[in-house]
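The lines below spell out each chain.
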Amino acid sequence: MIVKRSLLPFFLLASLLTTAQNNIVINTDLGKEKISRHIYGHFSEHLGRCIYGGYWVGEDSDIPNTNGIRNDVVDALREIGIPNLRWPGGCFADEYHWMDGIGPREERPTMINTHWGGVTEDNSFGTHEFLELCDQLDTEPVICGNLGSGTVREMSQWVEYINSDNISPMTELRKENGREAPWGVKYWGLGNENWGCGGNMTAEYYANEMRRYSTYTKNYGDNRLYRVACGPTGADYHWMETLMKKGYPGRSFQGISLHYYTVSEAKNNRRSATEFDESQYFSSLKNTLFMDELLKNHIRIMDRYDPGNRIGLLVDEWGNWHDVEPGTNPGFLFQQNTLRDAMVAAINLDLFNKYCRRVKMANIAQTVNVLQAMILTKEEQMVKTPSYYIFKMYKVHHDATLLPADVESGTYTVEGKSIPAISTSASKAEDGKIHITLSNLNPNKGQQVSCELRGMEKAQFEKGTILTAEKINSYNDFGKEEAVTPAAFDAVETKGNTLQVDLPAKSIVMLEIR
Ligand code: AHR
């Protein structure tokens, strides 16, 4: 409960200032759901400088690389442990013809990337290069097939090329191209945004098409495909209902996607990534919190048709969508990344954790140089963004058990609108350690948080990390010292099983408890 300070006598106000404004109860003995590490997944499309320049520089580049792939980017991503990588799109997926991207590079045909800047795609980065990248990153590939403009045969042969060990034309072709053993790719998308850039289909039409394409994506050897149907954008509940009702869930698809991007309110027609005021910051957080309602409502529909919880909800595109940086190609979606982006990442990840019973994967868009990226590159230089550091701090939740939390949060109010001041999630790792991620959304005021670890007699604070910065729009830039970088955090007092945390304004912390 939040008491209005103006109504309190002075002595009571004084005592209130020393008591917690926010109360959290973490039920350490009630955890039963696992937070899939795949919630911490990524997405990389043939878009702008994500693939070309971001990962792929080619073997002859002066930029240090292994088989054409930048070493610095791979090393940085390995540090945050990315569990999966979705490719080749996005909208690009439904105009991509995979056979153009195999064989000797100098013989590969070109195409026009009609969605993203109309640039010529030379297909030098194709199936083999992508799967090599996944090997270097030690991550699981998620491949999105072309249902919008490709054929059933084309998709079926792609799966065969990648996964078959039989004697077959596609297996032979793969071997001729230098890869003996099948890769055994599990995650397979049946089109992308087919309600829009992937063919402008109705839900009913897509449900039929998806069932047909799915029929011919086969399992080879021991590998079992996890097929992902194209799901709704935002609050399109009709799409979800139709797919769950008519799409043969469980038979035709094992997971269904959801796309939702955070877009802030515009000021003077602009949504700059770096030049924004507090009301735009607030609108970004408020619009991100809409993800809570979206997940709740879509899950309610899924529960109706799939009470056994067999089908996963995969939020395979999410993140901030700002204006491109001034002077850059509008089709390349290159944007800077500030403390605001870190906060948006933390809120979303807390929500995916909260709904991990159904949310089995999520992929932030788009890893390098596009939208809410982990990494920005400029020629040979590389920058780690504030969002990168959130993924690093949240690594502790990968495959841990979600601990249900009851949160009584104060509010953060701007121009008469309010949102909760606190976002949190807690999990228990296999070794028994408990990790709590805790954010203070308010950029002007620190928060006191009382956090009871119910079910434990005594909590021992082991260590903490904080991400904050001087301003909400602080960011890391090329050739400069990092303005947003994690630091040790120890503003925690322990009494029995309760922690008192002094959470600075606009900060995200990770606490480790034993
Ligand atoms: O991530 C950029 C684009 O956003 C993707 O290509 C598309 O799926 C979505 O609309």
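Positions within a chain are numbered from 1, following the residues in the order the chain's sequence is written. Predicted model: local features are reported for residues with pLDDT of at least 70 only, side-chain atom pairs are reported and counted for 80 or more only, and whole-chain, interface and lining totals are derived from all residues. Calculated side-chain values reflect all of the structure's heavy atoms, with hydrogen atoms and water omitted.

Peer 1: Just checking my understanding: could you explain the pattern of salt bridges for this structure?
Peer 2: Side-chain pairs of opposite charge can arise whenever the charged atoms involved come near each other. For this document, the term salt bridge refers to a Lys or Arg side-chain nitrogen within 4 Å of an Asp or Glu carboxyl oxygen. Under the definition given, this model contains 24 salt bridges. Linking E129 and R105 is a salt bridge whose minimum nitrogen-to-oxygen distance equals 2.9 Å. Taken as a pair, E129 in helix 3 (residues 127–137) and R105 in the loop between strand 5 (84–87) and strand 6 (111–113) lie far apart in primary sequence, 24 residues in all. Type-normalised accessible area, obtained with a 1.4 Å probe on protein chains alone, sets the label of each residue: buried when under 20%, exposed when over 50%, and partly exposed for intermediate values. For E129, a relative accessible area of 6% translates into the label buried. Among the ionic pairs, K480 bridges to D477, the shortest N-O distance being 3.5 Å. The exposure class assigned to K480 is exposed, which follows from its relative accessible area of 56%. Secondary structure elements are taken from DSSP: a helix is a run of H or I of four residues or more, a strand is a run of E of two residues or more, and numbering for both begins at the N terminus.

Peer 1: Sorry, what's going on with the pairing of strand 9 (residues 187–190) here?
Peer 2: For a regular strand, the rule is simple: side chains alternate between the two faces of the sheet. Taking every second residue as pointing to the same face, both faces of strand 9 are buried, with Y187 and G189 on one and W188 and L190 on the other. As judged from the four bridges shared by strand 8 (residues 140–145) and strand 9, these two strands associate in the parallel manner. Following the sheet pairing, G145 is matched in strand 9 by L190. Here the rule is simple: two strands pair whenever DSSP picks up at least two bridges between them. In this sheet, strand 10 (residues 226–229) lies alongside strand 9 in parallel orientation, the contact comprising four bridges. Residue pairing for strand 10: Y187 is matched across the bridge by Y226. Consider the strands pointing away from the viewer: the crossover is right-handed when the path from the first strand over the helix to the second runs clockwise. For the crossover that starts at strand 9, traverses helix 6 (residues 203–215) and ends in the parallel strand 10, the hand is right-handed.

Peer 1: Where do I start with the domain arrangement of the protein chain in this structure?
Peer 2: Often, the extent of an interface is quoted as the loss of accessible area upon association of its parts. These domain limits were set by an automatic method or by a database of domain assignments. In terms of domains, the protein chain is made up of domain 1 (5–31 + 403–513) and domain 2 (37–398). If you average the C-alpha positions of domain 1 and of domain 2, the two centres end up 31 Å apart. Should any heavy atoms of two residues lie within 4.5 Å, those residues are considered in contact. At the junction of the two partners, domain 1 supplies 42 residues and domain 2 supplies 35 residues. As a working definition, buried area equals the accessible area (1.4 Å probe) given up by two parts on being put together, with both sides summed. Considering only the side of domain 1, the residues that lose the most area to domain 2 are I472, F478 and I508, jointly responsible for 23% of the buried surface there. At the junction of domain 1 and domain 2, the tally comes to zero salt bridges. The definition of a polar contact used here is a pair of N or O atoms within 3.5 Å, where within protein one atom must be able to donate a hydrogen and the other to accept one, and adjacent residues in sequence count solely through side-chain atom pairs. At the boundary of domain 1 and domain 2, one finds 16 residue pairs in polar contact (both at pLDDT 80 or more).

Peer 1: What exactly am I supposed to notice about the side chain of T242 here?
Peer 2: Mapping T242 onto the fold places it in helix 7 (residues 237–246). Ignoring anything within four residues of it in the chain, the contact list for T242 reads A203, E204 and G247.

Peer 1: Just to check I follow, could you spell out the site of the ligand for this structure?
Peer 2: Residues in contact with the ligand, as listed here, are F43, E45, G90, C91, W116, N192, E193, Y261, E317, W321, Q366 and L371. A distance of 2.9 Å separates an oxygen atom of the ligand from a polar atom in the backbone of C91. Considered on its own, the ligand offers 290 Å² of accessible surface; in the complex 93% of this is hidden by protein. Residue composition of the shell around the ligand, grouped by class: six nonpolar, three polar and three charged. Definition of nearness: a residue and a molecule or strand are near each other if at least one heavy atom of the residue lies within 4 Å of the molecule or strand. Note on areas: Shrake-Rupley with a 1.4 Å probe; residue coverage comes only from the protein chains shown. Residues were grouped as follows: Ala, Val, Leu, Ile, Met, Phe, Trp, Tyr, Cys and Pro as nonpolar; Asp, Glu, Lys and Arg as charged; and all remaining residues, including Gly, as polar.

Peer 1: Please explain the environment of K445 as it appears in this structure.
Peer 2: With respect to the secondary-structure elements, K445 resides in the loop between strand 21 (434–440) and strand 22 (447–454). Under the relative-accessibility criterion, K445 is labelled partly exposed at 37%. Sequence separation between K445 and G117 is 328 residues; the distance between their C-alpha atoms is 43 Å. Setting aside chain neighbours within four positions, we find K445 in contact with Q21, N440 and A505.

Peer 1: Explain the packing of helix 9 (residues 339–354) against helix 10 (residues 386–393) to me, please; I cannot follow it from the model alone.
Peer 2: Between two packed helices, both the angle of their axes relative to each other and the distance between the axes serve to describe the pair. Fitted lines through C-alpha atoms serve as axes, helices being fitted only where they are in contact, and the angles separating the N-to-C directions of these axes extend from 0 to 180 degrees. Where helix 9 contacts helix 10, the two axes come as close as 7 Å, and the packing angle between them is 35°. Seen along the crossing, helix 9 lies across helix 10 with a hand that is right-handed. Mapping the contact onto sequence places L339, D341, A342, A345, A346 and L349 in helix 9 and P386, S387, I390 and F391 in helix 10. In this scheme, a crossing is called left-handed if the near helix is turned counterclockwise away from the far one by less than a right angle; it is called right-handed if the turn is clockwise.

Peer 1: Help me out: how do you make sense of the nonpolar core in this one?
Peer 2: Most often, soluble globular proteins have nonpolar side chains that are buried together. Residues enter a nonpolar core if they are buried and are Ala, Val, Leu, Ile, Met, Phe, Trp, Tyr or Cys, with the set joined through side-chain atoms within 4.5 Å. Counting residues in each nonpolar core, the largest one holds 139 residues, and the members touching the most others are W188, Y206, L295, W318, F352, I436 and L499. In terms of residue count, the dominant contributor to this core is helix 9 (ten residues). Here this core gathers at least three residues from each of two domains, domain 1 (5–31 + 403–513) and domain 2 (37–398). What L295 contacts, discounting residues up to four positions off in sequence, is L258, L313, V315, L351, F352, Y355 and V359. The next biggest cluster of nonpolar side chains, apart from the first, holds six residues, and it includes V142, Y226, L314 and M361.

Peer 1: Before we go on, may I ask you to explain the sheet that holds strand 2 (residues 41–43) in this structure?
Peer 2: One key point about sheets: their strands pair by backbone hydrogen bonds, in either a parallel or an antiparallel sense. With respect to topology, eight strands assemble into a closed barrel ordered 2-5-8-9-10-11-12-13, the strand pairing being parallel. Strand-to-strand twist of the sheet, defined as the mean angle between neighbouring strand axes without regard to direction, takes the value 30°. Bridge analysis of strand 12 (residues 312–320) against strand 13 (residues 359–365) gives four bridges, and the strand direction is parallel. Across the sheet, the residue bridging to L314 is M361, located in strand 13. The strands touched by helix 8 (residues 278–305) within the sheet are strand 11 (255–262), strand 12 and strand 13, with strand 11 carrying the most contacts at an inclination of about 160°.

Peer 1: So what exactly am I meant to see when it comes to the state of the cysteines here?
Peer 2: Working definition of a disulfide: a covalent bond connecting the sulfur atoms of two cysteines. Pairs of cysteine sulfur atoms within 2.5 Å are what we label disulfides. For the coordinates displayed, the defined rule picks out one disulfide. Between C91 and C197 runs a disulfide, and the two sulfur atoms are separated by 2.2 Å. Measuring handedness by torsion sign, the sulfur bridge of C91 and C197 sits at about -90° and is left-handed. Here C91 is found in the loop between strand 5 and strand 6, whereas its partner C197 is found in the loop between strand 9 and helix 6, with 106 residues between them in sequence. C197 gets classed as partly exposed once you look at its relative accessible area, which sits at 27%. Looking at C50, it has no disulfide partner, and the nearest cysteine sulfur is the one in C134, 12 Å off.

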